[in-house]
Amino acid sequence: MKIFKKNIFLIIVLCLNLAALVLFPQTGIKSFEFTVKNFMNFLFMLTPVFICIGLMDVWIDRKAMIKLMGENSKSKGVLISFALGVVTAVPLYALLPIAGMLLKKGSKISNVLIFICSSASIRIPLLLFEVSYMGWKFTMIRFIVNFFIVFAIAIIIDKTLNEKDKKEIYDNAYKL
Amino acid sequence: MTIALYALAFAALVLSFIKSKENTILSLKKAWKSFENILPQFLTILLVIGIMLSVLTPQQISMLIGSQSGWTGVFIAAVIGSVTLIPGFIAFPLAAALLNSGAGYMQIGAFVSTLMMVGIVTMPVEIKYFGKKAAVIRNSLALAFSFAVAFVMGVAM
């Protein structure tokens, strides 16, 4: 029963997909094909990510991490988080487990948010790729505007969350 | 990029193994545990994306977000960008293709921004790591700021 309740969304979506399979076989089959294909892509992407997370969990010293990105890391922590973010070019879904690990190791929440947001929107390894498809102007405008957006989002969320919210996030990160 | 990631993971794994066999096995166990923990949320995402991709086609998308579509088009582009999940190295060629088939820069600005920063379908995973409040605020802000990107694109391009 607990498993059922925990995975309620998964069950609903699965039923929807099965319904599509029965009612609109063509769409249903196509949908399952996409799901299988995407699942393979996900696994391919996530395997190295989770290996790195496991290694981080075992080898990275919590105290060292707190010093680098923790509550009192100030501008150094911000800079490290930003730099870490812009060189990491993995999709959002693969970033989140990494962020969870950073939280578990005691990084400041606003720093983890800077990491996530900067990595999601500014990707140094993809920059030239973006230029080649979208042109310099488009790429540079996006880069500059996003630079401000990243910090705006991190600061606003950090101010909105109260102590209780933050404690919950850390407690939760510890369980994962 | 993924190959670089594999190289990194492999190098780290070898280094870890040289330093301590036990710790390496422990870290792999932990890696599996954290993966297992998040798997149901991922499966949900995959099924949702599968359904969406089978209903929407690129032709339909570029028809909706043409350069004459104005803010309505920006809005539609933002919604599509928010609910789809495409990696960057597919997103840019797709965005370029959409531009060629008649989409506007403003709309593409909103599309690319939301694509990268807003993840409605990945929300369950995000909530699991950051809690409901932070996840909802982050996604709403990212959506709002995507309109700012669209606005700047509209003025500058």
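In terms of regular secondary structure, chain B is built from seven helices and zero strands. Across chain B, helices and strands are ordered from the amino to the carboxyl terminus as α-α-α-α-α-α-α. Taken against the 2.2 N^0.38 rule, which gives 15 Å for 157 residues, the C-alpha radius of gyration of chain B at 19 Å runs more than 25% over that of a compact globule. The C-alpha extent of chain B, read off along each of the three principal axes, is 60 × 30 × 30 Å. Looking at chain B as a whole, 48% of its 157 residues qualify as buried. Within chain B, contacts between residues separated by at least 24 positions form 75% of all contacts whose residues are at least 6 apart in sequence. In the form shown here, chain B has an accessible surface area of approximately 7,200 Å², with 75% of it arising from carbon and sulfur atoms.

Along its length, chain A carries 10 helices and zero strands. Taken from N to C terminus, the helices and strands of chain A fall in the order α-α-α-α-α-α-α-α-α-α. The C-alpha extent of chain A, read off along each of the three principal axes, is 55 × 50 × 35 Å. Counting every position in chain A, which comprises 176 residues, the buried fraction comes to 51%. Within chain A, contacts between residues at least 6 apart in sequence are counted, and of these 71% link residues at least 24 apart. Carbon and sulfur atoms form 72% of the exposed surface of chain A, whose accessible area is close to 9,200 Å². Here chain A contributes 21 positively and 10 negatively charged side chains, and the mean placements of these two sets differ by 2 Å.

Next up on the list: the confidence of the model for chain A. For chain A, the average pLDDT comes to 87, and 98% of its residues sit at 70 or higher. The least confident element of chain A, judged by mean pLDDT, is helix H1 (residues 2-6) of chain A at 69; the most confident is helix H9 (residues 136-160) of chain A at 93.

Further remarks concern helix H7 (residues 109-121) of chain A. Taking 1.5 Å of rise per residue, 13 residues should cover 18 Å, and H7(A) covers 18 Å from first to last C-alpha, within 8% of that figure. Among the 13 residues in H7(A), 13 count as buried, and that is most of the element.

Residue and element names in this part refer to chain A. Running from amino to carboxyl end, helix H2 (residues 8-23) crosses helix H3 (residues 25-59) at an angle of 140°, the nearest separation of the two axes being 5 Å. Accordingly, the angle class assigned to the pair H2 and H3 is oblique. The two elements H2 and H3 cross, and the hand of that crossing is left-handed. Only Pro25, Gly28, Ile29, Ser31, Phe32 and Thr35 of H3 make contact with H2, whose side of the interface consists of Asn17, Leu18, Ala20, Leu21, Val22 and Leu23. Tallied by class, residues from the contact of H2 with H3 come to eight nonpolar, four polar and no charged.

Taken residue by residue, the interface counts 74 residues in chain A and 70 residues in chain B. Here chain A meets chain B over a buried area of about 6,600 Å², counting both sides, of which 81% is carbon and sulfur. Looking at the side of chain A facing chain B, the largest losses of area belong to A:Phe50, A:Trp59 and A:Leu176, adding up to 10% of the total buried there. Of the charged contacts in the structure, one is a salt bridge between B:Lys133 and A:Asp165, with a shortest N-O distance of 2.6 Å. Taken together, the connections running from chain A to chain B amount to seven residue pairs in polar contact (both at pLDDT 80 or more). Mapped onto the side of chain A that touches chain B, the elements with two or more residues apiece are H2, H3, helix H6 (92-104), H7, helix H8 (124-134), H9 and helix H10 (163-175) of chain A. Ranked by residue count, the leading element in the side of chain A that touches chain B is H3(A), at 25 residues. Broken down by class, the residue content of the side of chain A that touches chain B amounts to 52 nonpolar, 14 polar and eight charged.

Glancing now at the domain arrangement of chain B. A common measure of how large an interface is: the accessible area buried when the components associate. The assigned domain composition of chain B is domain 1 (1-39) and domain 2 (56-156). Here domain 1 of chain B and domain 2 of chain B have C-alpha centroids that lie 33 Å from each other.

This part is about the packing of aromatic side chains. One pass over the structure, following the stated rule, counts nine aromatic pairs over all chains. Their ring planes at 75° and their centres at 5.4 Å tell us that A:Phe50 and B:Phe35 sit as a pair that is edge-to-face. Placement of A:Phe50 in helix H3 and of B:Phe35 in helix H2 (residues 21-55) is noted, with the two residues assigned to different chains. Between A:Phe82 and A:Phe147 the ring centres are 5.3 Å apart and the planes differ by 85°, which places this aromatic pair in the edge-to-face class. Remark: A:Phe147 occurs in helix H9 and A:Phe82 occurs in helix H5 (residues 74-87); sequence separation between them is 65 residues. Overall, the relative accessible area of 33% leaves A:Phe147 in the partly exposed class. Through a chain of ring-to-ring contacts, the aromatic side chains of A:Phe82, A:Phe147, A:Phe148 and A:Phe151 assemble into a single cluster.

To continue, consider the domain arrangement of chain A. For chain A, the assigned domains are domain 1 (1-48) and domain 2 (60-175). The straight-line distance from the C-alpha centre of domain 1 of chain A to that of domain 2 of chain A is 30 Å.

Thresholds applied
Residues numbered from 1 in each chain as written. Chains lettered and ligands numbered in written order. Predicted model: local features only at pLDDT ≥ 70, side-chain atom pairs only at ≥ 80, totals over all residues. Heavy atoms only, no water. Helix = DSSP H or I, 4+ residues; strand = E, 2+ residues; numbered from the N terminus. Rg over C-alpha atoms; globule rule 2.2 N^0.38 Å. Buried < 20%, exposed > 50% of the residue type's maximum accessible area, 1.4 Å probe, protein only. Contact = heavy atoms within 4.5 Å. Areas by Shrake-Rupley, 256 points an atom, 1.4 Å probe, with all protein chains shown as cover. Lys, Arg positive; Asp, Glu negative; His and termini not counted. Charge placed at Lys NZ, Arg CZ, Asp CG, Glu CD. pLDDT = per-residue confidence, 0-100. Expected span 1.5 Å × (residues − 1). Axes fitted to C-alpha atoms, helices over the stretch in contact; angles between N-to-C directions. Parallel < 35°, antiparallel > 145°, perpendicular 65-115°, else oblique. Left-handed = near helix turned anticlockwise from the far one by under 90°. Nonpolar A, V, L, I, M, F, W, Y, C, P; charged D, E, K, R; others polar. Buried area = accessible area lost by both parts, 1.4 Å probe. Salt bridge = Lys/Arg side-chain N within 4 Å of Asp/Glu carboxyl O. Polar contact = N/O pair within 3.5 Å; in protein donor to acceptor, adjacent residues only side chain to side chain. Domains from an automatic or database assignment. Phe/Tyr/Trp six-rings, centres within 6.5 Å; stacked < 30°, edge-to-face > 60°.

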